Amino acid sequence: MNNINYNLEMGKIIEKNKKAGIKPKLLMQVCCAPCSTTVMYRIKDDFDIDMYYYNPMIYPASELLKRTREVAKLSKRMGLEANLIVPENDIRDFYDIAKIRKETPEGGMACYACYKLRLEETAKYAKEKNYDYFCTTLSISPYKNSKWINEIGKDLEEKYKIKYLYSDFKKRNGYKMSIDLSKKYDLYRQSYCGCVFSYNEIKEYKKEINNTTDD
């Protein structure tokens with residue numbers, strides 16, 4: 001799927017369901033509370049949404065717990081009716097991807113594999129529990145490749161025979177909105193993607209900035 005406006009594709013799906021008088025069940029893989037703000041705000045009236053917090057790569061364990069709690073806080077503060085489902089986040093699920101990420105920068109094929117890992121687990125759970133659609137909040141970030149995300153979603157839709165909600169939530173100033181809503185709901189905004197490699201990279205970056213400032 002090349003040169004597709006995934007935001008418009010999502011709009012078509014929503015409009016089709018509205019005309020049919022349907023409010024489908026959607027399982028939304030959420031990467032963090034800040035990224036979930038715009039997403040939930042935009043489509044909470046169009047789907048019966050449950051939030052699926054599967055992010056096994058997040059390091060350290062205390063950060064995983066913190067981010068999970070922030071998603072729960074967001075749901076409460078936004079007055080959402082969405083259930084928060086937290087499956088086992090076993091970092092061993094990330095081991096094979098970590099071998100690739102160790103040798104490549106953020107945004108490379110390790111990130112593609114990480115998107116796929118999270119989306120595939122979401123698709124499998126959604127199929128098992130009879131949801132109508134599955135999706136992810138990942139496309140809200142300007143640092144995430146929405147083309148990859150939607151291509152993976154399409155492949156998984158065909159593999160598991162469950163509909164994927166095409167989306168590009170960064171459209172219509174979605175990322176800026178997420179920043180504003182995060183401030184409104186007093187949410188913790190993390191400074192790194194989540195894995196140990198992005199954790200170490202941001203530490204090194206901050207160290208370099210501090211050294212430059214000291215000079």
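A. Seen up close, the layout of surface pockets. In this model, the largest pocket occupies a volume close to 530 Å³. Contributions of two or more residues to the lining of the largest pocket are made by α2 (33–43) and α8 (196–214). The dominant element in the lining of the largest pocket, judged by the number of residues it contributes, is α8, at three residues. Grouping the constituent residues of the lining of the largest pocket by class yields 11 nonpolar, six polar and six charged. Lining the second largest pocket, in full, are K23, M40, K44, D45, F47, D48, I49, G79, L80, E81 and A82.

B. Inspection of empty space enclosed by the protein at higher detail. Enumeration over the complete set of coordinates arrives at one cavity of 30 Å³ or more. Where the lining of the largest cavity is concerned, the elements lending two or more residues are α4 (95–101) and α5 (109–128). Its residues placed into classes, the lining of the largest cavity shows 10 nonpolar, two polar and four charged.

C. Representation of the environment of S178 in the model. Mapping S178 onto the fold places it in helix α7 (residues 174–184). The sequence separation of S178 and S198 amounts to 20 residues, and the corresponding C-alpha distance is 21 Å. Among all residues touching S178, those that are not within four sequence positions of it are P34, T37, T38, I140 and R189.

D. Summary view of the nonpolar core. Formed by 62 residues in total, the largest nonpolar core has its most connected members in L26, M28, I43 and L165. Element by element, the count of residues in this core is highest for α5, at eight residues.

E. View of the pairing of strand β2 (residues 48–52). Burial of β2 is extensive: four of the five residues sit out of reach of the surface. Pairing between strand β1 (residues 25–29) and β2: five bridges, direction parallel. Its bridge partner being in β2, K25 is matched across the sheet by D48. Once you follow β1 into α2 and on to β2, the crossover reads as right-handed. Relative to strand β3 (residues 84–85), β2 runs parallel, the two sharing two bridges.

F. Main features of the environment of I13. Note that I13 resides in helix α1 (residues 6–19). Taking the relative accessible area as the measure of exposure, I13 reaches 15% and is therefore buried. The sequence separation of I13 and K44 amounts to 31 residues, and the corresponding C-alpha distance is 14 Å. In this structure I13 touches Y133, Y164, L165 and Y166, once residues within four positions along its chain are discounted.

Conventions and cut-offs
Residues numbered from 1 in each chain as written. Predicted model: local features only at pLDDT ≥ 70, side-chain atom pairs only at ≥ 80, totals over all residues. Heavy atoms only, no water. 1 Å grid on protein atoms, 1.4 Å probe; cavity = no way out; pocket = protein on both sides within 12 Å on 5 of 7 lines; lining within 4 Å. Points joined across faces, edges and corners; volume = space filled by probe spheres on them. Helix = DSSP H or I, 4+ residues; strand = E, 2+ residues; numbered from the N terminus. Nonpolar A, V, L, I, M, F, W, Y, C, P; charged D, E, K, R; others polar. Contact = heavy atoms within 4.5 Å. Core = buried A, V, L, I, M, F, W, Y, C linked by side-chain atoms within 4.5 Å. Buried < 20%, exposed > 50% of the residue type's maximum accessible area, 1.4 Å probe, protein only. Pairing = 2+ DSSP bridges. Right-handed = clockwise from strand over helix to strand, strands pointing away.

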